[in-house]
Amino acid sequence: MTKKTLEIYSVELSGTKDIQQTDERNGKEKYRGLKNCFEPRKNHHKEELRKELDLDDHKLSIKELEKKYGTNIITGLSSTQVAELLARNGPNALTPPKETPEIIKFLKQMVGGFSILLWIGAILCWIAYGIQYSMNTSSSLDNVYLGCVLALVVILTGIFAYYQEAKSTNIMATFNKMIPQQALVIRDSEKKTIPAEQLVVGDIVEIRGGDRIPADVRLLSVQGCKVDNSSLTGESEPQPRSSEFTHDSPLETKNIGFYSTTCLEGTATGMVINTGDRTIIGQIASLASGVGNEKTPIAIEIQHFVHIVAGVAVSIGILFFIIAVSLKYQVLDSIIFLIGIIVANVPEGLLATVTVTLSLTAKRMAKKNCLVKNLEAVETLGSTSIICSDKTGTLTQNRMTVAHLWFDNQIFIADTSEDHSNQVFDQSSGTWASLSKIITLCNRAEFSPGQESVPIMKRVVVGDASETALLKFSEVILGDVMEIRKRNHKVAEIPFNSTNKFQLSIHKTDDPNDQRFLLVMKGAPERILEKCSTIMVNGQEQPLDKNTAKAFHTAYMELGGLGERVLGFCHLYLPADEFPETYTFDVDAMNFPTSNLCFVGLLSMIDPPRSTVPDAVTKCRSAGIKVIMVTGDHPITAKAIAKSVGIISANSETVEDIAKRLHIAVEQVNKRDAKAAVVTGMELKDMSPEQLDELLTNYSEIVFARTSPQQKLIIVEGCQRQNAVVAVTGDGVNDSPALKKADIGIAMGIAGSDAAKNAADMILLDDNFASIVTGVEEGRLIFDNLKKTIAYTLTKNIAELCPFLIYIIVGLPLPIGTITILFIDLGTDIIPSIALAYEKAESDIMNRKPRHKKKDRLVNQQLAIYSYLHIGLMQAVGAFVVYFTVYAQEGFKPSILINIRVEWEDSNVNDLEDSYGQQWTWYQRKYLEWMGYTAFFVGIMVQQIADLIIRKTRRNSIFQQGLFRNKVIWVGIASQIIIALILSYGLGSVTALSFTMLRPQYWFVAVPFAILIWVYDEVRKLFIRLYPGSWWDKNMYY
Amino acid sequence: MVIQKEKKSCGQVVEEWKEFVWNPRTHQFMGRTGTSWAFILLFYLVFYGFLTAMFTLTMWVMLQTVSDHTPKYQDRLATPGLMIRPKTENLDVVVNVSDSESWDQHVQKLNKFLEPYNDSIQAQKNDVCRPGRYYEQPDNGVLNYPKRACQFNRTQLGDCSGIGDPTHYGYSTGQPCVFIKMNRVINFYAGANQSMNVTCVGKRDEDAENLGNFVMFPANGNIDLMYFPYYGKKFHVNYTQPLVAVKFLNVTPNVEVNVECRVNAANIATDDERDKFAGRVAFKLRVNKT
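Residues numbered from 1 in each chain as written. Chains lettered and ligands numbered in written order. Predicted model: local features only at pLDDT ≥ 70, side-chain atom pairs only at ≥ 80, totals over all residues. Heavy atoms only, no water.

Under the UniProt annotation, "transmembrane region" (unreviewed entry) lies at residues 37–63 of chain B. The span residues 37–63 of chain B carries 100% helix and 0% strand; its end-to-end C-alpha distance comes to 38 Å. (UniProt positions renumbered as here; feature names shortened; annotations may be inferred. Helix = DSSP H or I, 4+ residues; strand = E, 2+ residues; numbered from the N terminus.)

Take a look at the structure:
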C-alpha cells in the first residue's frame, strides 16, 4: 500500500476512537470496519487526528455548547458575531471539486497515448525538413506539410473529443441546478430565513419535516423528528432523532443531524456545529479527490498499441537506415529515410477514427440511458468483470411496496412490479373487505393535490414510506381512497410513535344503517396481536386460540425471513350503546378500548427489485460478470433481494443455509459446498486482505450487507487485487471515493448526489441496473469493433510503406507520395473505418467471459502480423502491379525503372530515354510520377474495399455475418470510391495535390488482388472455425 | 488502491529475456516450439511463394498488353522537349578559355555524342532521303517491318562539326558551339508538314546584348521534316535525331548570359508554364577570358 492510499481513509478519523469504544459495549457495529484500516495509519496522521477529534459536541450539554460557540439558544448569534465567523470560516457550502481548468482539459485531450505518437511524427517531419533545407534550400516542402497535417489532426481530434466530453458535462450540469437552500435561523433574537450558505457555527436553526439539514447540527430540542441518513450511511430506514446523547460515536448518536441529510418528519431545533467542508459529508466528499483515477483499460490498450507501432516503426526504420548507408547513400539522406519510414508508420487517421467511434458508442449508450462522462470509459464497461452494485434504487425501485398479505390463514402474493397492475390474490373474502378498510382508513398519507392524470405509482405522496406503500396499494385496488376516507369520517387519531408502536384511528362508517364507530389499528404485528382477542377468518370473527396464534407466528416469521417489513392490522366496531354518535373521543385520555380487538391480517412490504433487474443479472452472469451486492441494509433484506434478483441464484446456498438444512453448526459445514456468501460489515472488518481475497475468489455470489462507505472502498480494492475490472454503482456522497477508485464508477442520474456524479465516469440516467447491461454489451462490441478498425487501418500502412522501402533499395521512381498517403489515411479510409463501429457482434458477446486484462489485448501480435505481413503485403503487391502497369503502358517498362531514381529526379535531365527510345523532359516524368501516385492510390483504395469487407468479421464467414446488414459499410465503400474519383478527376489538375486523371481501366487492375484478399481471408476464417485451438487458430486469429 | 508497480530488478529482466529466448521447460525458442517455428517458416515460404507467383503472373499478363515496339499511350509526350549538348550539371556552359581543363570534358562528351553522325557511319547505315517531307515507312502488311533512318551528316554542322577543328568546337577560342536537339517522340510529325527551325535569343535585354552574334548550322537552325516520324528504338535502330548547332561568336566575356532556344513549329507549343523544356531550352553561357 502506498502512502497515497493511506490518505483515503483519513477522513472520519474522528470516528475511530469512538468506534473502538463502541465496539466493546454495543452491538451496533456498522462502523467498526473503519477501525481496521485506520489503525496502522494513526501515526501518519496525528495532526489530522487531533484536528478532527473535536467532534464531541454531542457529548456536551447545552450550556457547554453555548459557551463553546459563544451563542445563546434563545437569542442566537448577533450579526456582528455572524459576520466575523463567516469571514473566518467561509460560507457553509461544499467546495466544489476542483474543476480542472478548461484549458487543461483541452490540452489533456492532445497528449494522450495516440496523440503523442502523432506529435513525435510531426516533430520528426520538421526535423527532416530542417536537414533537407540545410542541404538544399529548394527542397520539397512535403515534410513540412506532413508535419502540419499531423499536428492538425491531433489538434482537431482533441477539439472534437473535448467538445464531446463537454457536451456530456453539460447534460450533467442540468442535473446540478438545485434550488438554493434556505434555512430558518435565530439571530439577534429574531427568526430569519436566510440562504443556508450563510450559516455559521453557533447558529440556532429550526428544521422541519421535508427540509434538508443545512449543516452539521447538534439537536437541542426535537419533536418526532426522523432523518434519512441514506446519503451518508446507506441506511434506507428513517432514523429517529432526539436531543439526548445516546452514543459515543457522532455518527450513531441521535442528537446530531448531518449536513445534506433530509429531515423526513417532525421538527427540531439545533445548533450548527460544523459548516461547509468541515461537515462529515464535506470530509467524505473531499476524499474522492484524494483517490487517484485509474487509467482506463482502453487507454492501457491504446498505449500498448502505440508501443507496438512505435516498435515496428523504429525497427524497420533502423533496418533500412543500415541498408541505405550500405547502399552508399549519404548519411543525411539515410537519416531522412529513417525519419520518413518512422513517420510513414504513424496511422494518421486512427486517432480521429477511434475518437469518433468511441463518441458514436457514447451517443448510442446515452440513448440507452448510460451517459458517459469520459469517452474512454465507453469501453471499460465491456471489460468489466465484477460489478459492485448498490441495492437501494439501483437494484430496487427505491420505494416500499406491499409484497405479501396474510389473512384467512393464507399468504397471498401482491404484485410488486413497477405499475402494480396485476393484483391476482383472492379479493372475495370478507376478511379482505375488512382489511382493505383498515389499510385505507388507518393511514395518514395523502397524495399531493393535482396529480389526477399521473399514474398512481408515480404520484407524489406526503407521508412516510410504509404509509405511502399502503396508500398506493389501496388506491390501485379500491380506487379513490380519498373519497373512501371522506365517507368514513375520521373522528380521532393516534399517530404512530416508537413507544406505542401502533397507529390508531376511529371513524364513522359509510354504512348509513350502522351507527357504530369503527376503530382501526395497525402496527408492529406482535403488539397488535397482544391487543386482540379474536381473529377474522373468512369474514367471521373467531376466538384467537393457540393454533391461530401459531399460524400467525409462522406467517410472521416467514414474511420477516423474506426481509420484509411486516405490519399487523386489527379493528373493532365500537358498540353503539356505549359510544353514541355524539361521543367525544379523547386520544390523550384514551376513553375507548384498545384491547380485545379483532385481528384481521398481516401485510408485508419491501422495496421490491426492479422488474428488469433479474434478467439483467442473469445476462451479467452469462457474460461472466460477477455481480456483488454492497449495501448498508440489513443482511436478511439484502439476501432476500439478492435472491429475488438472482445475485444469489435459486439453487445456491450460503454456509448458513447449508448448516440450517443439515441441522449442523455453521463451523462444521464444508465451506467449499457453498457458492454464495452473505458478509456483514462486522465480519468484513475482522478480515485480513488475504481473507477478503479468498472470499472474493471462492464465492461466486457475494452479498455485503451492513457495510460502511469505507468498506465499499476496501471491497473495490479487493476486487481489483484479483485483476478484475471493477464497476461500482452508487448514488450517495459516501460512495464517491469508491466510485472514483473503481475502474468505472457509475452514478445514478436521478437519485445520485452531485459528488457521486462528479466522481463517476458514467451516469445511469434512469437509475436502472439493466442499463448497465446494455452498457456492457456496447462496451464489448466497441472493443471488438475497434480491433477491426485498427486492423483495417494498419493494413494499408504496409502498402504505403513498401513503396518507400522499394524506392530506397531498388531506385524506382517514388511510387506514392506523402500527400497522396495522407489522402488515403485522412480521406478515403476515414469513413470506412468508422463504419466498422456499426458492425454487429459476430456471436453472442454477452455469452463470453470478460476479456482478460493482460491476455486479451486490443492489438495483439496476431493482429499486427496478419495486418502487416499478410493482407498488407498483398495490398502492396497489388498496388505495385497497378503502378507498373501505368508506367509500362506509358513507355517505362519495369526493367528500365530499376535504379533510374537519380536521373529521374534530376530536373536538369530533360531527355531521359524510356523503353522505346522516346525522351522525356523532367516535368513530363514528374507528371507520370503523379500518375503513378494516383495509380498506387487507386490500387490501395480498391484493395482497402476488400479489406473493409473482410474486417467485418474475425471468425465468421462474411456470408454468415451478412454482407448487407451493416449499411454504413456500404456508405463507407461508396465514400471511398467517390473521394477517389473526385481526387483523380476533379482535382487532377491541381498540381500541388499531385493527383492526375487516370484511365478507367487502371481502376480495375487491383481487383484480382482485392478478390484474392477476400478469398484468402475466407479461407483463414474457415480453418479457424474448422480447427479451433489448432496452430492455425493460434496464429491466425486476432 | 494504487497497485504498486512491481519494479523488476535487472537480474529478473535478464532472466525473463533468457527464458524468452530459450525456455527449457516448454522447449520454446523465442516463444515458439520447434514445430511451431517449422510451421511458421513453411507457411511463410508457401504464402510468399504464392504471392510472388501471383505478382509474376499479373505482371506477365500486364506486359502482354504492352507492345515491344510502340508504347501503348503517349499522354505526356504531346510536346517534345528540347535539350542541349554538352550536357552539364545545371545546364550552364562555362568556358574558361585559358583553362583547357574546364572545357575539355565538354569536348570529350561532344566528340562521343557526335560520333554516330560521322558521315561515313551515316552513309553506311542510313538512307539519303528527300528533304522537305516526312519519311514515312508504313508496315504495308508486314508485321514489325524494320524502318530506315535518314542521314544527318556531321558535316552539316559546319563550323561546329568539330571535324579537323583545332578550336575544339570553338571552346578554345571563346566561341563555343552548343548543340540543340529535340526529344524523340514516336510517331510524332513535328512541324505538321511545314518547315521548322530553332531560334535562340537572350532571355532579357541585357542578355541579348551580351549574347552578341551567333551562327546556326544547318542554316537558320532548320530541322528537316525527313527525320520524322520516329518509329522507336526497336524499329528505327540507327535513327540519329537531327541537331542544330549554335556557335556564339562574340559573347561578352566574364558575364553570365541566359540563352533561350525554342523550336518554331506549327504543332509544338513552346509556352507551357510548368514544363520549362517543352519545345524550348534555357541555358546559361559564360565565357571567361582573362
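Read on for the rest.
Once that is clear, we can look at the interface of chain A and chain B. Each side of the interface is counted separately: chain A has 58 residues, and chain B has 54 residues. Regarding the contact of chain A and chain B, the summed buried area is about 4800 Å², with carbon and sulfur atoms giving 59% of it. Ranking the residues of chain A by area buried against chain B places Q889, Y916 and W1031 of chain A at the top, with a combined share of 15%. One can count 5 salt bridges joining chain A with chain B. Between K181 of chain B and D911 of chain A there is a salt bridge, with its nearest N and O atoms 2.7 Å apart. In this assembly, chain A and chain B are joined by 26 residue pairs in polar contact (both at pLDDT 80 or more). For the side of chain A that touches chain B, the secondary-structure elements that each account for two or more residues are α1 (3–8), α26 (709–721), α32 (861–890), β28 (919–920), α35 (922–950), α38 (1007–1026) and α39 (1031–1036) of chain A. Class assignment for the residues of the side of chain A that touches chain B results in 25 nonpolar, 21 polar and 12 charged. (Contact = heavy atoms within 4.5 Å. Buried area = accessible area lost by both parts, 1.4 Å probe. Salt bridge = Lys/Arg side-chain N within 4 Å of Asp/Glu carboxyl O. Polar contact = N/O pair within 3.5 Å; in protein donor to acceptor, adjacent residues only side chain to side chain. Nonpolar A, V, L, I, M, F, W, Y, C, P; charged D, E, K, R; others polar.)

Once that is clear, we can look at the sheet that holds strand β7 (residues 196–202) of chain B. Residue and element names in this part refer to chain B. One open sheet holds the 5 strands; their spatial order is β5-β12-β11-β7-β9, and the pairing between them is mixed. The open sheet has two edge strands, β5 (92–96) and β9 (222–223), and neither has a second partner. As judged from the 7 bridges shared by strand β11 (residues 256–264) and strand β12 (residues 280–288), these two strands associate in the antiparallel manner. Looking at β12, one finds that E256 is bridged to R286. (Pairing = 2+ DSSP bridges.)

Bringing the confidence of the model for chain A into the picture now. Mean pLDDT for chain A: 83, with 91% of residues reaching 70 or above. The spread of mean pLDDT over the elements of chain A runs between helix α4 (residues 46–52) of chain A, the lowest at 34, and α38 of chain A, the highest at 95. (pLDDT = per-residue confidence, 0-100.)

The next thing to look at is the domain arrangement of chain A. Split by domain assignment, chain A resolves into domain 1 (62–79 + 179–290), domain 2 (370–396 + 610–767), domain 3 (401–579) and domain 4 (778–1006). For domain 1 of chain A versus domain 2 of chain A, the separation of C-alpha centres amounts to 32 Å. (Domains from an automatic or database assignment.)

This part is about the side chain of R85 of chain B. For R85 of chain B, the position within the fold is in strand β4 (residues 82–85). Only 2.9 Å separates the side chain of R85 of chain B from the side chain of D911 of chain A, close enough to count as a polar contact. The contacts of R85 of chain B, once residues within four sequence positions are left out, are D911 of chain A together with L110, F113, V178, F179 and K181 of chain B.

Take the pattern of salt bridges next. Residues and elements named next belong to chain A. Inspection of every chain in the model, using the stated rule, returns 40 salt bridges over all chains. R364 is the salt-bridge partner of E778, the closest N and O atoms lying 3.3 Å from each other. Residue E778 is found in helix α29 (residues 769–810), and its partner R364 is found in helix α14 (residues 348–367); the two are separated by 414 residues along the sequence. Among the residues examined, E778 registers a relative accessible area of 7% and is labelled buried. Residue R364 is classed as partly exposed on the basis of its relative accessible area of 24%. In this structure, D657 and K639 form a salt bridge, with 2.8 Å as the shortest nitrogen-oxygen distance. Of this pair, D657 sits in helix α23 (residues 655–662) while K639 sits in helix α22 (residues 635–645), placing them 18 residues apart in sequence. A residue is classified by how much of its surface remains accessible, and D657, at 18% relative accessible area, is buried. One connected set of salt bridges, linked through shared partners, spans E301, E379, R851 and R857. (Buried < 20%, exposed > 50% of the residue type's maximum accessible area, 1.4 Å probe, protein only.)

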